[in-house]
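Residue-level structure breakdown
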Amino acid sequence: MEGWGIPQVAEKPSNKKIMNAREDMLGRVNKALAVLPERAPLPDWDAELAVAQKLVANHDILEVFVERIKLVNGMMMTSVAEVAAFLKNGGWTKGYCDPVLLATLETQLGSGFSLTSEFDRTRIDDYGFGITRAAGGIAETGTIILNDTLTSRRLGALTPWVHIAVLPKEQIHRTMTDAVKALSADPNVIWVTGPSKTADIEGILIEGVHGPGVQIALVV
C-alpha cells in the first residue's frame, strides 16, 4: 500500500568493526595516560576518623568478633563437639573436609559422620557441609577470610549448605585496615561476611542462594 514502507533492520556490526572500535577506545585512553608525568598516589586517610574502628579498639578481639558475626547471621564456635552437635541436629552428616584436618576431625566429630577429603563436583548435592581452613578473620565486621593457599577446595567452601571455617584465634584482625595490611600475595582472596545473601527488587532478603546458608567460624 502506498505510504507503507518496509521497516529497515539495522545491520549488525561485524566482529572486525567491534574490535576496531575497542582498539580505538583503548588507544585514546592510553594516549591520555601517557602524558601524565606520574600516577597520583592512592589516597590516605586518618584511622582515627573511622568510627567503627574506634568502637572496637578497646574491647577484647574475640568478643567483638562473636558480636559482629552474629549481627551478620553467622555463627562462631570454639569446640568440635559443639560443631558435631549442631550438624547432627540439622541432619548434616556427610561432608567435605580439608585433607590437613581430616584425621583430627574424624576422631573429634565422633560416630555418625561421613567425611571425605575428595570433592566430587558431579555430586555436589551429596555434601551437607564443608570444612576448610581460613586465612584470617576480621573482628570489626565479623568476616572470615579465605584464600587459595589455605582453602583446599573452593567448591568445598562455597557449595554445601553449611560451611565451617577453621580459624586460629591469632589470625583474627581487629579491623578491616589491619586485615588489608596483612594480605598475602595470594591471587584470590574471598571475604565471607555471614551466609550468602541476595535480595529482590522488593527488598526481601534471602540467604543461601549463591553460597552457604549457614556460615560457622570454628575458632581454635
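Scroll up for the structure.
Below or above, wherever it landed, is the structure these notes cover.

1. Structural notes on the pattern of salt bridges
Should their charged atoms come close, side chains of opposite charge can pair. Under the definition given, this model contains six salt bridges. Asp126 is paired through a salt bridge with Arg123; the nearest N and O atoms lie 2.7 Å apart. Given the relative accessible area of 46%, Arg123 is considered partly exposed. Between Arg154 and Asp148 there is a salt bridge; the shortest N-O distance is 3.0 Å. Classification of Arg154 by relative accessible area gives partly exposed; the value is 39%.

2. Some words on a nonpolar patch on the surface
On the surface, Met25, Leu26, Val29, Leu33, Val35 and Leu36 cluster together into a nonpolar patch covering about 510 Å² of accessible area. As for its placement among the helices and strands, Val29 is situated in helix α1 (residues 15-34).

3. Here's the deal with empty space enclosed by the protein
A full pass over the atoms with the stated rule returns one cavity of 30 Å³ or more. Approximately 40 Å³ is the volume attributed to the largest cavity. As for the largest cavity, its lining consists of Leu146, Asn147, Asp148, Thr151, Arg154, Ala157, Leu158 and Ile190. Where the lining of the largest cavity is concerned, the elements lending two or more residues are β6 (143-147) and α6 (154-158). Sorting elements by how many residues they give to the lining of the largest cavity places α6 first, with three residues. A per-class count over the lining of the largest cavity returns four nonpolar, two polar and two charged.

4. Observations concerning the environment of Ile204
In this structure, Ile204 sits in the loop between β10 (197-199) and β11 (205-207). On the accessibility criterion, Ile204 (43% relative accessible area) is partly exposed. Apart from the residues within four sequence positions on either side, Ile204 is in contact with Thr198 and Ala199.

5. Section: the packing of aromatic side chains
Enumeration over the complete set of coordinates arrives at four aromatic pairs. Both rings, one in Phe113 and one in Phe129, keep their centres 6.3 Å apart while their planes meet at 80°; by these two values the pair is edge-to-face. With Phe113 in the loop between α5 (99-109) and β3 (114-116) and Phe129 in strand β4 (residues 129-133), this pair connects stretches of sequence that are 16 residues apart. The exposure classification of Phe113 matches that of Phe129, with both residues buried.

6. Re the nonpolar core
Grouped together as the largest cluster of nonpolar side chains are 21 residues, with contacts concentrated most on Leu87, Phe129, Ile131, Val162 and Ile164. Elements represented by at least two residues in this core include exactly α4 (80-90), α5, β4, β7 (162-167) and β12 (214-219). Excluding anything up to four places from it in sequence, Ile131 contacts Tyr96, Cys97, Asp98, Leu101, Leu105, Ile164 and Val166.

So, how was this worked out
- Residues numbered from 1 in each chain as written.
- Predicted model: local features only at pLDDT ≥ 70, side-chain atom pairs only at ≥ 80, totals over all residues.
- Heavy atoms only, no water.
- Salt bridge = Lys/Arg side-chain N within 4 Å of Asp/Glu carboxyl O.
- Buried < 20%, exposed > 50% of the residue type's maximum accessible area, 1.4 Å probe, protein only.
- Patch = residues over 30% accessible without salt bridge, like charges linked within 9 Å, V, L, I, M, F, W, Y side chains within 5 Å.
- Areas by Shrake-Rupley, 256 points an atom, 1.4 Å probe, with all protein chains shown as cover.
- Helix = DSSP H or I, 4+ residues; strand = E, 2+ residues; numbered from the N terminus.
- 1 Å grid on protein atoms, 1.4 Å probe; cavity = no way out; pocket = protein on both sides within 12 Å on 5 of 7 lines; lining within 4 Å.
- Points joined across faces, edges and corners; volume = space filled by probe spheres on them.
- Nonpolar A, V, L, I, M, F, W, Y, C, P; charged D, E, K, R; others polar.
- Contact = heavy atoms within 4.5 Å.
- Phe/Tyr/Trp six-rings, centres within 6.5 Å; stacked < 30°, edge-to-face > 60°.
- Core = buried A, V, L, I, M, F, W, Y, C linked by side-chain atoms within 4.5 Å.

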